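# Coordinate analysis (summary)
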There are 6 protein chains.
Amino acid sequence: MKKVVTLGEIMLRLSTIEDTRMAESQVFAADYGGGEANVAVSLANYGHQVAFASKVPQNPLGQAVKQHLRKYGVDTRFLLEGGERLGTYYLETGVGLRSSNVVYDRKYSSFAMMTELEWQLDDLLGETELLLLSGITPALSDSWRQLTLTLAKAAKERGITVVLDVNYRGKLWSVADCGTFVREMANWVDVLSAGRLDALNFFKVPEVAGASLDYYYEEIQKGYPNIKTFYSTTRKVIDANHNFLLGNLYTEGILYQSVNYDIQQIVDRVGGGDAYTGGILHGLLTGMSPQETVDFAALASAMKHTFHGDHNQLSATEISEMLKNGVKEIKR
Amino acid sequence: MKKVVTLGEIMLRLSTIEDTRMAESQVFAADYGGGEANVAVSLANYGHQVAFASKVPQNPLGQAVKQHLRKYGVDTRFLLEGGERLGTYYLETGVGLRSSNVVYDRKYSSFAMMTELEWQLDDLLGETELLLLSGITPALSDSWRQLTLTLAKAAKERGITVVLDVNYRGKLWSVADCGTFVREMANWVDVLSAGRLDALNFFKVPEVAGASLDYYYEEIQKGYPNIKTFYSTTRKVIDANHNFLLGNLYTEGILYQSVNYDIQQIVDRVGGGDAYTGGILHGLLTGMSPQETVDFAALASAMKHTFHGDHNQLSATEISEMLKNGVKEIKR
Amino acid sequence: MKKVVTLGEIMLRLSTIEDTRMAESQVFAADYGGGEANVAVSLANYGHQVAFASKVPQNPLGQAVKQHLRKYGVDTRFLLEGGERLGTYYLETGVGLRSSNVVYDRKYSSFAMMTELEWQLDDLLGETELLLLSGITPALSDSWRQLTLTLAKAAKERGITVVLDVNYRGKLWSVADCGTFVREMANWVDVLSAGRLDALNFFKVPEVAGASLDYYYEEIQKGYPNIKTFYSTTRKVIDANHNFLLGNLYTEGILYQSVNYDIQQIVDRVGGGDAYTGGILHGLLTGMSPQETVDFAALASAMKHTFHGDHNQLSATEISEMLKNGVKEIKR
Amino acid sequence: MKKVVTLGEIMLRLSTIEDTRMAESQVFAADYGGGEANVAVSLANYGHQVAFASKVPQNPLGQAVKQHLRKYGVDTRFLLEGGERLGTYYLETGVGLRSSNVVYDRKYSSFAMMTELEWQLDDLLGETELLLLSGITPALSDSWRQLTLTLAKAAKERGITVVLDVNYRGKLWSVADCGTFVREMANWVDVLSAGRLDALNFFKVPEVAGASLDYYYEEIQKGYPNIKTFYSTTRKVIDANHNFLLGNLYTEGILYQSVNYDIQQIVDRVGGGDAYTGGILHGLLTGMSPQETVDFAALASAMKHTFHGDHNQLSATEISEMLKNGVKEIKR
Amino acid sequence: MKKVVTLGEIMLRLSTIEDTRMAESQVFAADYGGGEANVAVSLANYGHQVAFASKVPQNPLGQAVKQHLRKYGVDTRFLLEGGERLGTYYLETGVGLRSSNVVYDRKYSSFAMMTELEWQLDDLLGETELLLLSGITPALSDSWRQLTLTLAKAAKERGITVVLDVNYRGKLWSVADCGTFVREMANWVDVLSAGRLDALNFFKVPEVAGASLDYYYEEIQKGYPNIKTFYSTTRKVIDANHNFLLGNLYTEGILYQSVNYDIQQIVDRVGGGDAYTGGILHGLLTGMSPQETVDFAALASAMKHTFHGDHNQLSATEISEMLKNGVKEIKR
Amino acid sequence: MKKVVTLGEIMLRLSTIEDTRMAESQVFAADYGGGEANVAVSLANYGHQVAFASKVPQNPLGQAVKQHLRKYGVDTRFLLEGGERLGTYYLETGVGLRSSNVVYDRKYSSFAMMTELEWQLDDLLGETELLLLSGITPALSDSWRQLTLTLAKAAKERGITVVLDVNYRGKLWSVADCGTFVREMANWVDVLSAGRLDALNFFKVPEVAGASLDYYYEEIQKGYPNIKTFYSTTRKVIDANHNFLLGNLYTEGILYQSVNYDIQQIVDRVGGGDAYTGGILHGLLTGMSPQETVDFAALASAMKHTFHGDHNQLSATEISEMLKNGVKEIKR
């Protein structure tokens, strides 16, 4: 079995508990996560051989990152140790009318300060089937903008499927900078996670009132015929505990959609999108049909909202059974 | 005042807390309960003299069972000590879309391994008004299948009201075995807790599309005219925290029903059925009208969903006041 | 900047946690609050210079009160030390169908036992713009009935805006006694917090079927033309976690109303009314328009329901931003 | 088997946890206890039939008291319901150099406000072997001073063994008042818990430098030959977690003493003296030799220091085994 | 690098927290451990390639075992899934004078019920340098007695170093049965963990008053010249939180001893012996001198007492630095 | 009353709880503190008018700092808002043989990045009696080295008492750099917190075997006759929970010393030195005798070890009473 590689930053999340405001908190819950790492955990849970590449400081927090990944069977060979600090963010967990709020403290991290690719590319990308990158990494520095492109090209040359999750973060860079990067990067991408807003903002697709999502994907594809697959979720926020969520997957000219989940008791929505990506990639890697794939991914994402922590905690078997049986009584 | 006796297994429940999955749990909440014990607690809360008969090991967990029962005023004279272990089960408490999940570890327990009735029947059943048994006990072993019948006959001979809660557990025995037992047992039963599925599966009542519940009870009663009263709840599961619940009571040819409770914030639904049974028996024992009885029982059951732990924690006065006043403002 | 003074009792609240019933609780959460103190905290959060006047015992619980107030920037110059005990109340925090329940243990407190005004009135009321009193204080004793009137008159003489929050507590005095007091007190009041029931019960306004709230305010104003402004909230209780809340403000013959908030995840509703008062007074003190004022106050009140503890924890800026932007996605 | 009766106040203890100071505490641990109630629990644990007589309010806190007592098998027939409030005290749990600190809030309690004996004395004292009273009860009010004497005399007349635990509380009454009471009360007492200071202060025994404890007991006995047995502990405080404790028992002219326990890890010392009393009474009631009695009582008291909560949690079997085997390895 | 294999049972430990007695516990802390698994974690922490062989049920508790081992880098290839249940034990954590107490609930576990070696021996023992077995495994059943011998012989034939930790458990088998087994087993053992009592009881070495430990090892070695190395700890229990601990290592006729650690604040002593074994094996595998080995192992064991959980959590570097620097100030 | 000013960095401390290692921690306790801020809290507790000058980011963590200081009555007028982040450090709380361990994450903080004095010196130093600075501030940057000297000179010119706490942090700068700074700074200092090692390393006092502390202070004073007062503590570490602590104060040629406290149950030793400084400054500011001062300061420091959090929580009255009465029984 060839391996999957995901590469990006992993951070310490310090979140409030018991509905306390951040300034009043006497304890914070500590979790380790990041988009690409969360996808790696999902895929490992589904039985794939997956490695996560990043860099963490050589201290107990870096050690905690390593233990977190190993626990779920993620390969940590490419988790470098060095640099000054682990990126951190504080999360005031929302409740009802009060939205969640993030305070970033991620600057100057070991990963963000990297200026060259410290892995041997032949090790990192050898025997690899798929490489996942995101739009967060190039937002960290000019160096990372360049290195991300280098990685994508190197993967492409080796025939590896390149996946990009745009994941725009307004606190890290401008729409203009992100657009410039994404439009160049897209030339090496096979699978793209992007939605309507990404199409408008970064790919400059002209807005058409009332147009469905396939219009936007079609338009992007005109410029980038190399992109074979697009995916995204459509989320409607009622309040911090109540969302609707629906999965989209576009391939070979057809838009596939899941049911629209009514998620009434959100425990933790951080990582909901990553769980969706994990499901989509699982479908692609195991040859599920597009409809099966989007159904699997959407349920994985909906279920992620019922756990504390950034990563999906379900096996492929559990998700498949739920797809078949729906919400059930206690089994006893 | 004559006493009530309930007899069955009581277990240690180890449940996850704070929305954690079972495999991730670093702590489990410990509670002691079981259908027949929970009914005993309800009745004691309502002021009845009630004894719970069972067997627990002579160790601190057995001691905890005893203290749990005494705390609520349940008579523990018939709680035997001996055997190897206390039956245990692990509960992953569901949240929203994620259902609760039970992992049983109850085999080889002190109670399940009993092969004869270790109580003096004249003590156990003397001065007794009502005996509650359930379909879980005979599911534990061939011995218990036999002993349950013995108990029912002995009670019947003494003029005691015999109540059977079918409570089918698919993880413990087959539909066929349960049916064989129930059909024999039913000859000694005065009050039966069973629903439409029980009628179909165990009493082989022919299904009639769209038929209301009274049809099924009527059919059972044809074969067992000794059964004077039937009861059950109708539950509709929206998700793990949101259920609808309605109580049914059938007696003298009439089906009485409560309002349909919309329970939007379920804390712990384990024991919801037992709280209903407790309410029904309280009505029978105190001579409430059938409508009063089903109203009382359904509210007791609905309220049980708002506490952690297996047993009802309300007094009869509290329930009666709520029936009168409905959901209210804070009183201050 | 002139100061605001609020005067009343502050108590220790001991509330159940984790959905436990009061009799089962092995821990209680400790919070310090009271209507007038909570308004003081709100106003301090909004940048006003505000002092809270009360009396607490000279022990660690009194010290805790002082630290609580100072933390939010409330002036504690008029917080007297002495007497025997701090008023206390126990709160069983409701969940779903189970309402919250309060057990008062506030008799004989340092504040309730006061028989004269122990402050120098020239200090207390000097350089003061607004004085907030409530109907709880006169309910504590005959002395306090007299002293409250004395305070109102002294404030009036100094040209201070006098605000009265009727806040009727049925466990403390009768409707008749409250009415007698309120009708006398109203002569010195500029701003009155009262609703339809207060109009009927205490001001003896004749009920008119289907009449809107402005009718009642108009009727009161006929007898008390000195009252320029009336305010209240209209709350509809679905269950202990789910309420609707709408703000009313009546001034210069017009009734202004906020949107009707659908609060689906109530964490703690104690202090919701005080947060509303805080918002109204902030609007009055800063010259907001009536519609801005009622909008601000209603959102402050709705948001209060999402925190544990009696007092509003939002700044004026946070509330204003939410008014503009509504419920939002996580910002990151 | 005849019953034992203990009579006195039971309170809610609200104690700080996790080494927090009282004014900083956001939670308090809730426990129910009082000297006479704690002795009742000890004796019930040892298999005696024991009733606790007191009065608590008819609210959830009163209900909690009842459940607490029933859990350990104490008879609650004589636990009256009524009055305004449950006596409360706040405990800042000491650690190391920082001593524990108590803030009483017990005035005006249901028990303290009693002005007559609300039990039928023939019920209360019928079929009774031993009655335990303490010096705390008469300290609560003039009424209780009188009623305590009434109880002692009534017991004496019925041939019941009367035990008095002096338990002087400086915050409740003066040395002089206590002395007056104790000297009258002592005429009806068979067993007295008192130490050297009690002899000096209340019985006015002349101090003799270097005299051992038997001198003081002998002197008291000269005035009160009816007192057959005296007992006390000698405690040396190193710090809040480290004490030495030794038990004394004086009977038939001989002073018996236990080993001096070096208690290095005190979890909770409240109730240490009551556990000692429980052990002494158990020895008296079961006819142990004086040396066996003092050994049993001293170990019970030392072990109490290793649990949270006011009451001893060990059975007589556990204590006897520890006496035989001493501190041991983990058994597995 | 060749691998190390440890084989045995791994259990769920449910331990009391916050000094609560077992019967009073409302929560239990959940940890996964067992002697051989704990040694595997230690060795993985020290950088060795180590596999743990066992069998766990296919349920969330079995999944938790797997995640626990992977987190620390232990190879779980030989962790079989199947059978009925995970062995469990309850631990009342001792404090001060109160010793820890274990209640076993380990019968009928997936591992204990094994009747044949379900691994391919060539996989299990291929490329293996050292095999660790213990005296707990053969105590579980007659089958395991036989299978343990089979494993030892198979290892011996492959030139693998066989280590036996006698680890006698009186609750599982008799001294006689253990002796019979150990005396046969010893023929295939290279390294033996045993102390003076093991020598007397199982190897029937004649007691010599005042003889030092080397005498006993010498005597065993006379009968089993194949055993080249012996090790043990000498522990003196002051109370549950205060122990002295010293390490012994005997090889080539010389007894090496560590300093005697004064451990005054024991957090959790379960696994202290396994941490010692881990240190000894690390010394053997890396060619440390005997004195270095015993020093390393004794400190690893002493430090284990300062963590909650069964396994050592220190790296080899951390232990080596502590050996050099001793207990230190906070470094900042 | 003139005010006291302390100036320096305040950080968020994230510490492990319940004896967990840092890499295993799922929660961290959050506290706000720093040497100069902790002294400010001490002095405010003792009734002084004290302001703390620093800079924190304009986010909820900065808000938490402000609330922390206000709670204890510290003036926050000079707490600037701005910059990128709040300095942070992680503390693995030691237990027994395992020492505490600090991981700094304080670089790039709002305070550390300051390059000029952003306060109006006339505001900051006007009406000021005493200014406390420490050797941590100049260790943060070259700018701060210069600004610290500027502050000291400006204070000196205004006749303000300048106190310097050397507080050498090896992780922040070299011994050589610290020495260069301290030797220049010392020219403007009136009161110096330094010990023997500081004298040797920074003031290059020649070592004299066996010399007492006064020798070193005398030698420093020869070069800096402006320094009138020296103070320090002598700490002996037995293990992480057990230290001895003794206070030193040197003035007018005499060394005053407190008793040597045997602190057996350390809860949190961070801030122990700051509590000592707080006590010394309180003595200086209120004109206590040197012996009274050192006694007060040493007890304040010893007591600080019994609380969680960085700052002293005792009032001057509490400390004085303890000095008089020593460790006592529970008072009740």
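Since we're looking at a predicted model, the values are computed, not measured.

## Here's the deal with the interface of chain A and chain F
In this assembly, 26 residues from chain A lie in contact with 26 residues from chain F. Contact with chain F buries surface across chain A, with Ala-23, Phe-28 and Tyr-108 of chain A losing the most and accounting together for 22% of the total. Summed over the shared surface of chain A and chain F, the number is four salt bridges. In this structure, Glu-84 of chain A engages Lys-107 of chain F in a salt bridge whose closest nitrogen and oxygen atoms are separated by 2.4 Å. Scanning the region where chain A abuts chain F turns up nine residue pairs in polar contact (both at pLDDT 80 or more). Sorting the residues of the side of chain A that touches chain F by element identifies strand 2 (11–15), strand 3 (27–33), helix 2 (60–71), strand 6 (88–92) and strand 7 (101–105) of chain A as the ones contributing at least two each. At five residues, helix 2 of chain A tops the list of elements feeding residues into the side of chain A that touches chain F. Here the residues of the side of chain A that touches chain F sort into 15 nonpolar, six polar and five charged. Two strands pair when backbone bridges link them, and strand 3 of chain A and strand 3 (residues 27–33) of chain F are joined in this way by three bridges, in the antiparallel orientation.

## Quick notes on the pattern of salt bridges
Residue and element names in this part refer to chain A. In the structure shown here, the tally under the stated rule is 114 salt bridges over all chains. Asp-177 is paired through a salt bridge with Arg-145; the nearest N and O atoms lie 3.9 Å apart. Remark: Arg-145 occurs in helix 4 (residues 142–157) and Asp-177 occurs in helix 5 (residues 175–185); sequence separation between them is 32 residues. The network of salt bridges with common partners includes Arg-13, Asp-31, Asp-268 and Asp-310.

## Here's the deal with the UniProt feature "domain: Carbohydrate kinase PfkB" (unreviewed entry) in chain A
Mapped onto the present numbering, the UniProt feature "domain: Carbohydrate kinase PfkB" (unreviewed entry) falls on residues 1–207 and 263–311 of chain A. Taken end to end, residues 1–207 of chain A is 29% helix and 25% strand, and its two terminal C-alpha atoms sit 43 Å from one another.

## Looking at the pairing of strand 4 (residues 50–56) of chain A
Residue and element names in this part refer to chain A. For strand 4, the tally of buried residues reaches seven of seven residues, placing the bulk of the element in the interior. Pairing of strand 1 (residues 3–7) with strand 4, which is carried by four bridges, proceeds in the parallel orientation. Across the sheet, Leu-7 pairs through a bridge with Ala-53, a residue of strand 4. Pairing of strand 4 with strand 5 (residues 79–81) involves three bridges; the strand directions are parallel. Bridge pairing in strand 5 places Ser-54 opposite Leu-79.

## Quick word on the sheet that holds strand 2 (residues 11–15) of chain E
In space, the eight strands of this open sheet follow the order 7(B)-6(B)-2(B)-3(B)-3(E)-2(E)-6(E)-7(E), with mixed pairing throughout. Each edge of the open sheet is held by one strand with a lone partner, namely strand 7 (101–105) of chain B together with strand 7 (101–105) of chain E. Direction aside, neighbouring strands of the sheet carry axes that sit 30 degrees apart on average. Of the pairings in the sheet, the one linking strand 2 (residues 11–15) of chain B to strand 3 (residues 27–33) of chain B comprises five bridges and is antiparallel in character. Across the sheet, Ser-15 of chain B pairs through a bridge with Ala-29 of chain B, a residue of strand 3 of chain B.

## Some points on the pairing of strand 2 (residues 11–15) of chain D
Residue and element names in this part refer to chain D. Counting buried positions along strand 2 yields five of five residues, so the element is predominantly enclosed. Burial along strand 2 is two-sided: the face carrying Met-11, Arg-13 and Ser-15 and the face carrying Leu-12 and Leu-14 are both buried. Pairing geometry for strand 2 and strand 6 (residues 88–92), over four bridges, is parallel. Across the sheet, residue Ser-15 finds its bridge partner in strand 6, namely Leu-91.

## Side note on the packing of aromatic side chains
What the rule picks out here adds up to 75 aromatic pairs over all chains. When the ring of Tyr-231 of chain C is compared with that of Tyr-276 of chain C, the centres are 5.9 Å apart and the planes differ by 55 degrees; the resulting orientation is tilted. Taken together, the residues span a long stretch of sequence, with Tyr-231 of chain C in strand 11 (residues 229–239) and Tyr-276 of chain C in helix 8 (residues 272–286) at a distance of 45 residues. Considered together, Tyr-231 of chain C and Tyr-276 of chain C belong to a single accessibility category, that of buried residues. Between Tyr-215 of chain E and Tyr-216 of chain E the ring centres are 4.8 Å apart and the planes differ by 70 degrees, which places this aromatic pair in the edge-to-face class.

## A word on the relation of the copies chain A and chain F
Turning chain A through 180 degrees and shifting it by 0.0 Å along the axis lays it on chain F, with an RMSD of 0.0 Å. Here the two chains are linked by the operation of a two-fold rotation axis. For chain A, the smallest separation between a C-alpha atom and the rotation axis is recorded for Phe-28 of chain A, amounting to 2.7 Å. The overlap is high: 100% of the interface residues of chain A also sit at the interface in chain F, so the same surface is used on both sides.

## Observations regarding the interface of chain F and chain C
At the junction of the two partners, chain F supplies five residues and chain C supplies five residues. Across the chain F/chain C interface, buried area totals approximately 550 Å², and carbon plus sulfur atoms make up 50% of it. Area buried by chain F at its contact with chain C is led by Gln-67, Arg-70 and Lys-71 of chain F, which between them contribute 81% of it. For the pair chain F and chain C, the number of links is zero salt bridges. Residues of the side of chain F that touches chain C, tallied by class, amount to one nonpolar, two polar and two charged.

## Some remarks on helix 7 (residues 213–223) of chain C
All names here are of chain C. Turning to helix 7, its buried residues are Leu-213, Tyr-216, Tyr-217 and Ile-220. The buried residues of helix 7 occupy one face: seen down the axis, they fall within an arc of 95 degrees. Against helix 6 (196–202), strand 11, strand 12 (242–251) and strand 13 (254–257) lie the buried residues of helix 7.

## Section: the confidence of the model for chain A
Caution is warranted with low-pLDDT regions, since their predicted coordinates should not be read in detail. With 98% of its residues at a pLDDT of 70 or more, chain A has an overall mean of 96. Scoring of the predicted complex yields 0.95 for pTM and 0.94 for ipTM.

## As for the relation of the copies chain F and chain C
Note on the copies: chain F fits chain C at an RMSD of 0.0 Å, the axial shift is 0.0 Å, and the rotation between them is 180 degrees. Taken together, the interface assignments show that 100% of the residues at the interface of chain F recur at the interface of chain C, consistent with an identical surface on both copies.

## What to know about helix 9 (residues 290–304) of chain C
Each α-helix winds once per 3.6 residues, and so residues spaced three or four apart point in a common direction. Residue and element names in this part refer to chain C. If you check helix 9, its first and last C-alpha atoms are 21 Å apart, about what 15 residues at 1.5 Å a residue would give, namely 21 Å. The element helix 9 is extensively covered by neighbouring structure, given that 11 of its 15 residues are classed as buried. Among the residues making up helix 9, those that are buried are Thr-293, Val-294, Phe-296, Ala-297, Ala-298, Leu-299, Ala-300, Ser-301, Ala-302, Met-303 and Lys-304. Where the residues of helix 9 are buried, they touch strand 12, strand 13, strand 14 (261–263), helix 8 and helix 10 (316–325).

## As for a negative patch on the surface
A surface patch of like charges, here negative, comprises Glu-18 and Asp-19 of chain A, Glu-18 of chain B together with Glu-18 of chain C. Among the structural elements, Asp-19 of chain A can be located in the loop between strand 2 and strand 3.

## Digging into the side chain of His-305 of chain B
Residues and elements named next belong to chain B. Topologically, His-305 is positioned in the loop between helix 9 (290–304) and helix 10 (316–325). Among the polar contacts made by the side chain of His-305, one reaches the main-chain carbonyl oxygen of Ser-301 at a distance of 2.7 Å. Discounting residues that sit within four places of it in the chain, His-305 has contacts with Arg-235, Leu-245, Ile-263, Gln-265, Ile-266, Val-267, Asp-268, Arg-269 and Gly-272.

## Structural notes on the environment of Thr-234 of chain D
Residues and elements named next belong to chain D. Within the element layout of this structure, Thr-234 appears in strand 11 (residues 229–239). On the basis of relative accessible area, Thr-234 is assigned to the partly exposed category, the value being 43%. Sequence-wise, Thr-234 and Ile-266 are 32 residues apart; in three dimensions their C-alpha atoms are separated by 16 Å. Excluding its chain neighbours within four sequence positions, the residues that come into contact with Thr-234 are Phe-244, Leu-245, Leu-246 and Asn-248. Side-chain polar atoms of Thr-234 contact the side chain of Asn-248, separated by 3.0 Å.

Thresholds, definitions, all that
- Residues numbered from 1 in each chain as written.
- Chains lettered and ligands numbered in written order.
- Predicted model: local features only at pLDDT ≥ 70, side-chain atom pairs only at ≥ 80, totals over all residues.
- Heavy atoms only, no water.
- Contact = heavy atoms within 4.5 Å.
- Buried area = accessible area lost by both parts, 1.4 Å probe.
- Salt bridge = Lys/Arg side-chain N within 4 Å of Asp/Glu carboxyl O.
- Polar contact = N/O pair within 3.5 Å; in protein donor to acceptor, adjacent residues only side chain to side chain.
- Helix = DSSP H or I, 4+ residues; strand = E, 2+ residues; numbered from the N terminus.
- Nonpolar A, V, L, I, M, F, W, Y, C, P; charged D, E, K, R; others polar.
- Pairing = 2+ DSSP bridges.
- UniProt positions renumbered as here; feature names shortened; annotations may be inferred.
- Buried < 20%, exposed > 50% of the residue type's maximum accessible area, 1.4 Å probe, protein only.
- Axes fitted to C-alpha atoms, helices over the stretch in contact; angles between N-to-C directions.
- Phe/Tyr/Trp six-rings, centres within 6.5 Å; stacked < 30°, edge-to-face > 60°.
- Least-squares fit on C-alpha atoms with pLDDT ≥ 70 in both.
- Arc of directions from axis to C-beta.
- pLDDT = per-residue confidence, 0-100.
- Expected span 1.5 Å × (residues − 1).
- Patch = residues over 30% accessible without salt bridge, like charges linked within 9 Å, V, L, I, M, F, W, Y side chains within 5 Å.
- Areas by Shrake-Rupley, 256 points an atom, 1.4 Å probe, with all protein chains shown as cover.
- Lys, Arg positive; Asp, Glu negative; His and termini not counted.
- Charge placed at Lys NZ, Arg CZ, Asp CG, Glu CD.

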